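# Commentary on secondary and tertiary structure
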Amino acid sequence: MKFLQKILEGMKKKFEEVPLLRPLKPVIDATDAFFFSPAAVTETVPHIRDGLDVKRYMSLVIVAALPAVVMSVYFFGLRVIAMILVSYIAGGLAETIFCIVRKEEITEGFLVTGLLFPLTLPPGCPLWVVAVGCVFGVIFGKEVFGGTGTNIFNPALVGRCFLAIAYPKIMAGGWIEPGSGLTGRAFQYAADAVTTATPLVAKDWNWGACGRVWLGNCLGCAGETCALAILLGGVFLCLVRVANWRVPAGCLATVAIFSGIMSRAMPTTFAPPLFQLGAGGLMFGVFFMATDPVTSPITNPGKWVYAVLMGIVAVLIRSLTGYPEGIMFSILLMNMAAPLMDEIVYAHRRRGYARA
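Residues numbered from 1 in each chain as written. Predicted model: local features only at pLDDT ≥ 70, side-chain atom pairs only at ≥ 80, totals over all residues. Heavy atoms only, no water.

### Remarks on the overall build of the protein chain
Using the following cut-off: Runs of H or I in DSSP of at least four residues are treated as helices and runs of E of at least two as strands, each being numbered from the N terminus. Think of it in three bands: with a 1.4 Å probe and only protein chains considered, a residue is buried below 20% of the maximum accessible area for its type, exposed above 50%, and partly exposed in between. By the convention used here, residues are in contact when the closest approach between their heavy atoms is within 4.5 Å. Note on areas: Shrake-Rupley with a 1.4 Å probe; residue coverage comes only from the protein chains shown.
Within the protein chain, the regular secondary structure consists of 16 helices and two strands. Among the 356 residues that make up the protein chain, the fraction classed as buried is 51%. Sequence separation of at least 24 residues holds for 70% of the intrachain contacts in the protein chain that already meet a minimum separation of 6. Summed over all atoms, the accessible surface of the protein chain reaches about 17,200 Å², with 69% contributed by carbon and sulfur.

### What about the side chain of Ser72?
For Ser72, the position within the fold is in helix α3 (residues 52-76). On the basis of relative accessibility, which here comes to 1%, the residue Ser72 falls in the buried class. Residues within four places of Ser72 in sequence aside, it is in contact with Gly77, Val80, Leu119, Ala222 and Gly223.

### A closer look at the nonpolar core
Worth spelling out the cut-off: Only buried Ala, Val, Leu, Ile, Met, Phe, Trp, Tyr and Cys residues count toward a nonpolar core, and they belong to the same one when joined by side-chain atoms within 4.5 Å.
By size, the foremost hydrophobic cluster in this structure holds 84 residues, and its most contacted members are Leu121, Phe288, Tyr306, Met310 and Ile331. Considering each element in turn, this core owes the most residues, nine residues, to α3. Look past the residues within four positions of Ile331 in its chain and what remains in contact with it is Leu157, Gly285, Met289, Ala290, Tyr306 and Met310.

### Details of the pattern of salt bridges
Test applied: By definition here, a salt bridge exists when the distance from a side-chain nitrogen of Lys or Arg to a carboxyl oxygen of Asp or Glu is within 4 Å.
For the structure on display, the rule yields three salt bridges. When the shortest N-O distance is used, the salt bridge between Arg350 and Glu343 registers 3.0 Å. You can call Glu343 partly exposed: its relative accessible area is 40%.

### A short note on the environment of Ser263
Within the secondary structure, Ser263 is located in helix α12 (residues 246-265). Judged by relative accessible area, Ser263 falls into the buried class, the value being 14%. Taking the C-alpha atoms as reference points, Ser263 and Pro273, separated by 10 residues in sequence, lie 8.1 Å from one another. Filtering out sequence-adjacent residues up to four positions away, Ser263 remains in contact with Phe270, Ala271, Pro272 and Pro273.

### Observations concerning the environment of Val135
Along the chain, Val135 falls in helix α6 (residues 127-141). Sequence separation between Val135 and Leu93 is 42 residues; the distance between their C-alpha atoms is 8.5 Å.

### A few points about the packing of helix α4 (residues 79-102) against helix α5 (residues 109-119)
Defined as follows: In this analysis an axis means a line fitted to C-alpha atoms, helices contributing only their contacting stretch, and an angle means the value between N-to-C directions, from 0 to 180 degrees. The scheme is simple: roughly parallel for angles under 35 degrees, roughly antiparallel for over 145, roughly perpendicular for 65 to 115, oblique for anything else. For any helix crossing, the convention is left-handed if the near helix is rotated counterclockwise from the far helix by under a right angle, and right-handed if that rotation is clockwise. For this scheme, ten residues count as nonpolar: Ala, Val, Leu, Ile, Met, Phe, Trp, Tyr, Cys and Pro. Four count as charged, namely Asp, Glu, Lys and Arg, and the remainder, Gly too, count as polar.
Between α4 and α5, whose axes approach to 8 Å, the crossing angle comes to 135°. Comparing their axes, α5 and α4 come out oblique. The two elements α4 and α5 cross, and the hand of that crossing is right-handed. Across the interface between the two elements, Val80, Met83, Ile84, Ser87, Tyr88, Gly91, Gly92 and Glu95 from α4 touch Phe110, Leu111, Gly114, Leu115, Phe117, Pro118 and Leu119 from α5. In terms of residue class, the contact of α4 with α5 is built from 10 nonpolar, four polar and one charged.

### Re helix α15 (residues 300-320)
Rules: One fewer than the residue count of a helix, multiplied by 1.5 Å, yields its expected span. Two N or O atoms form a polar contact when they lie within 3.5 Å of each other; inside protein one atom must be a possible hydrogen donor and the other a possible acceptor, and for residues adjacent in sequence the pair counts only when both atoms belong to side chains.
Over its 21 residues, α15 extends 30 Å from the first C-alpha to the last, a length consistent with the 30 Å expected when each residue adds 1.5 Å. Two or three places before Gly302, at the start of α15, stands the capping residue Thr299, its side-chain oxygen 3.2 Å from that residue's backbone nitrogen.

### Re a nonpolar patch on the surface
Definition in use: In this analysis, a patch consists of residues with relative accessible area above 30% that form no salt bridge, clustered at 9 Å for like charges and at 5 Å for the nonpolar side chains Val, Leu, Ile, Met, Phe, Trp and Tyr.
On the surface, Leu78, Ile81, Leu85 and Ile89 cluster together to form a nonpolar patch covering roughly 360 Å² of accessible area. On the secondary structure map, Ile81 appears in helix α4.

### As for the environment of Val294
Here Val294 lies in the loop between α14 (282-289) and α15. Taking relative accessible area as the criterion, Val294 reaches 34% and is therefore assigned partly exposed. Sequence spacing of Val294 and Asn335 is 41 residues, and the spatial spacing of their C-alpha atoms is 9.3 Å. With residues near it in sequence (within four places) discarded, Val294 still touches Gly149, Thr150 and Asn151.

### A few points about the packing of aromatic side chains
Threshold: Stacked, edge-to-face and tilted are the three classes for Phe, Tyr and Trp ring pairs, Trp counted by its six-membered ring, which pair at centre distances within 6.5 Å; planes under 30 degrees apart are stacked, over 60 edge-to-face, the rest tilted.
Evaluated as defined, the whole model comprises 11 aromatic pairs. For the ring pair Phe136 and Phe162, a centre distance of 3.9 Å and an interplane angle of 10° mean the geometry is stacked. Pair noted here: Phe136 is in helix α6 and Phe162 is in helix α7 (residues 155-166), with a separation of 26 residues, a long-range link. Note on Phe162: relative accessible area 24%, which makes it partly exposed. Members of the aromatic cluster, joined through ring pairs, are Trp128, Phe136, Phe140, Phe162 and Tyr167.

### Quick word on the side chain of Ser296
Along the chain, Ser296 falls in the loop between α14 and α15. Assessed through its relative accessible area of 5%, Ser296 is described here as buried. If we ignore the near neighbours within four places in the chain, the residues touching Ser296 are Ala290, Thr291, Lys303, Tyr306 and Ala338.

### Description of the confidence of the model for the protein chain
Here is the rule we go by: Per-residue confidence from the predictor is given as pLDDT, running between 0 and 100.
Mean pLDDT over the protein chain stands at 81; residues scoring 70 or higher make up 74%. Counting contacts from residues 44-48, a segment whose pLDDT is below 50, to residues more than four positions away or on other chains yields four contacts.

Now the structure itself:
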């Protein structure tokens, strides 16, 4: 590794000295930051700025998503790997161009976005659609706001929302029967894609359907069908404190309680709690999207309000609108409201301090 470090240091000097290469210096800086912790420290001891904090966060999220990735490949074949590769290439290129133009450092944030985004898509989705959606999410979900750390929406969900509105037929017809493979046609359009309704669309929530959505043996998006695998990764994120447990706990509890009450009152409209929790992208969205520290509230009271409202809105959209899945829109709506939630908490605290 020292040999690689010397090479990168030499390239940095070269890129600084040569005017034509200077715009590409962010690429070398990003490579250095990916393999090594930056040596920059604050002026006074012991306030050390450790670049491993960001890398630790991104690495643990990727590790937590691996069970969902493995199960998606098991059910839908190597096409899922092709979708992930296209997502990384297209979205990574878009982010690199923006950083070069702005003369900013390339951060590790896209490593997570590039993996999570294709897992929210139907496994039969054409690869060019994957590329278009990822580029849109990176540009309009993050870069227009200033890049990683300044965005108000989750970039992966922005790309997914764009595709759902711009290409509704493709997004509604790219389902693949679990176990049908596609091993030999990973980079081709999925000929095995079917238009059969997913459990959410069909409103099929008998006991057999409840079991299938938890185990993954059902139609659905690439990384969202096996709720148990997602739950395993989500619990891991909470245990290592990368995700704040209040958001998934509050949202899942709200969905269970609210859907339990409503399914008793309107059994043909609202699905029971066991189905609501396991079906669609709820579990995936709650653990991997809603817990994004950039787009979710900072304060603990804000996180509870954020989680409860998210759960209620998701169930209402699923049951009372034309969209079978509501967690995507619910998270994006709560992303918009997150700063207001924190401001209300801060204002309340300021009043309390003034009275004291």
